[in-house]
Amino acid sequence: MPQLKKLTALTLIATGLSSFVPATAQAEDAFMEALTGGKVSFSARARYESVKQDNALDDADAFTLRTTLGYKTGAFHGFSGFVEFEDVSHLGSDKFNAAGTNGEPGYSIVADPEGTEVNQAYLAYNNFDTTFKFGRQIITFRDAPFHRYIGTVGWRQNWQTFDALSIVNKSLPDTTLSYAYIDKVQTIFGDDGNLAALMVDDGEIHMDSHLFNAQYSGLPIGNLEGYAYLLDYEDSVDDSAYSRATYGVRLAGAQAINDDFKVVYTAEYATQDDYADGEMDQQDYSLVELGGKYKGWLLKLSHETQEGDGTFSFRTPLGTNHAYQGWADNFLNTPAAGLEDTYVTLVGNVMGAKLVAVYHDFETDEGSLDAGDEFDIMLAKTFNKHYSLGVKYADYNADEEFGGVDTEKFWLWGQVKF
């Protein structure tokens, strides 16, 4: 009888072990499958950019190549990872000023410094309709190119990314709630660049910043968005000039009049004031747009105001500002007197290629000085989902009372992306 009990006990133990070992092996197999069964991504963008300015600088001609190689793992119990490397190379001789990084100060600026870096590297967890990301990552709250406040500066070859914790929740109907804590900004200027007044020698900006964004798409009149961006710069030359809090609300929508025609509209208001060690008087922002879509064509009129009082102005230092106030990039930083931009946009399709044409009329907010005008035009086409070609032109005409510089820019590029 004791031997029977012993045999029974051994049998139970063996049975338990036999069930445990396969379970452990299955877990290991599932982990390795997630780790090795992910997706590789690759892109390459070759671009020619020329800059001509009516000043003492020599005309710039830049041939650059941006390549990326990334890998995203599969999911394992909700966890996944992503890493992406980015390289920017100069092709041929440097006849341009790469934002002070290539020893060519006599040329106009083309802000594409050379370098290789880890563009993104994060661990993600997805469960309960919520996605957590920890590490170096892209943070945006709107579709490209409308990254007004927080973006990648994706037009430049070296993209802007963030060392951050981000959380996105979609558990409520028609609602997206987002939060991000930013510890560092990896700027477009690379390891050897300096960010104008910030003078960031290693290409990083140390921050203690909080971003809040809420979007609701359940309204019949459009998408409603509210946001609070609390930027605290910690290691700039003058923290007080850049640390600021922005609070705003936006409504954007479209209404069909008939099968062929839609009315589109946007209304947005934000206010900005000092935050943390920042020093500024409150300045406001507004955007009003009205237009129509007809058989694949869009025509709209927009008026955007960034207030300024001659000392302080409303600014968006982490935004993809190339998409705003003209592609010639004369107003990447809002003038101290502020800026009013009235512009007309035409978007359509020409022989399968996307056409975008924009005319801007600029005026300062303080003093209502004529700040010039600009005409922009782009034609881009995608082939077989993976290949694209594009040509783009910007012509800014300054006004003497404002003191700007006439600027012409031209781009030609080709891209492959998998």
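Residues numbered from 1 in each chain as written. Predicted model: local features only at pLDDT ≥ 70, side-chain atom pairs only at ≥ 80, totals over all residues. Heavy atoms only, no water.

1. Structural notes on the overall build of the chain
The helix and strand tally for the chain stands at two helices and 18 strands. If one aligns the C-alpha atoms of the chain with their principal axes, the spans along those axes are about 110 × 55 × 55 Å. Within the span of the chain, comprising 418 residues, buried residues form 42% of the whole. Surface accessibility of the chain: about 21,000 Å² in total, with carbon and sulfur atoms responsible for 59%. The distance from the centre of the 29 positive side-chain charges to the centre of the 63 negative ones in the chain is 14 Å. (Helix = DSSP H or I, 4+ residues; strand = E, 2+ residues; numbered from the N terminus. Buried < 20%, exposed > 50% of the residue type's maximum accessible area, 1.4 Å probe, protein only. Areas by Shrake-Rupley, 256 points an atom, 1.4 Å probe, with all protein chains shown as cover. Lys, Arg positive; Asp, Glu negative; His and termini not counted. Charge placed at Lys NZ, Arg CZ, Asp CG, Glu CD.)

2. Some details on the packing of aromatic side chains
Within the structure shown, the criterion is met by 22 aromatic pairs. Both rings, one in Tyr149 and one in Phe314, keep their centres 6.3 Å apart while their planes meet at 70°; by these two values the pair is edge-to-face. A residue pair is termed long-range when its members are at least 10 positions apart, and Tyr149 in the loop between β5 (130-137) and β6 (161-169) and Phe314 in the loop between β13 (297-306) and β14 (339-350) qualify at 165 residues. Exposure class is identical for Tyr149 and Phe314. Each is buried. When the ring of Tyr179 is compared with that of Phe212, the centres are 5.1 Å apart and the planes differ by 45°; the resulting orientation is tilted. Taken together, the positions of Tyr179 in strand β7 (residues 175-186) and Phe212 in strand β8 (residues 204-219) put the pair 33 residues apart, joining distant regions of the chain. Residue class for Phe212 comes out partly exposed when judged on its relative accessible area of 37%. (Phe/Tyr/Trp six-rings, centres within 6.5 Å; stacked < 30°, edge-to-face > 60°.)

3. So, the confidence of the model for the chain
For the chain, the mean per-residue pLDDT works out to 91, and 91% of the residues sit at or above 70. In the predicted structure, residues 1-21 sits below a pLDDT of 50 and forms one contact with residues beyond four places in sequence or in another chain. Across residues 195-199, confidence stays below pLDDT 50; counting only partners more than four residues off in sequence or on other chains, it has 13 contacts. (pLDDT = per-residue confidence, 0-100. Contact = heavy atoms within 4.5 Å.)

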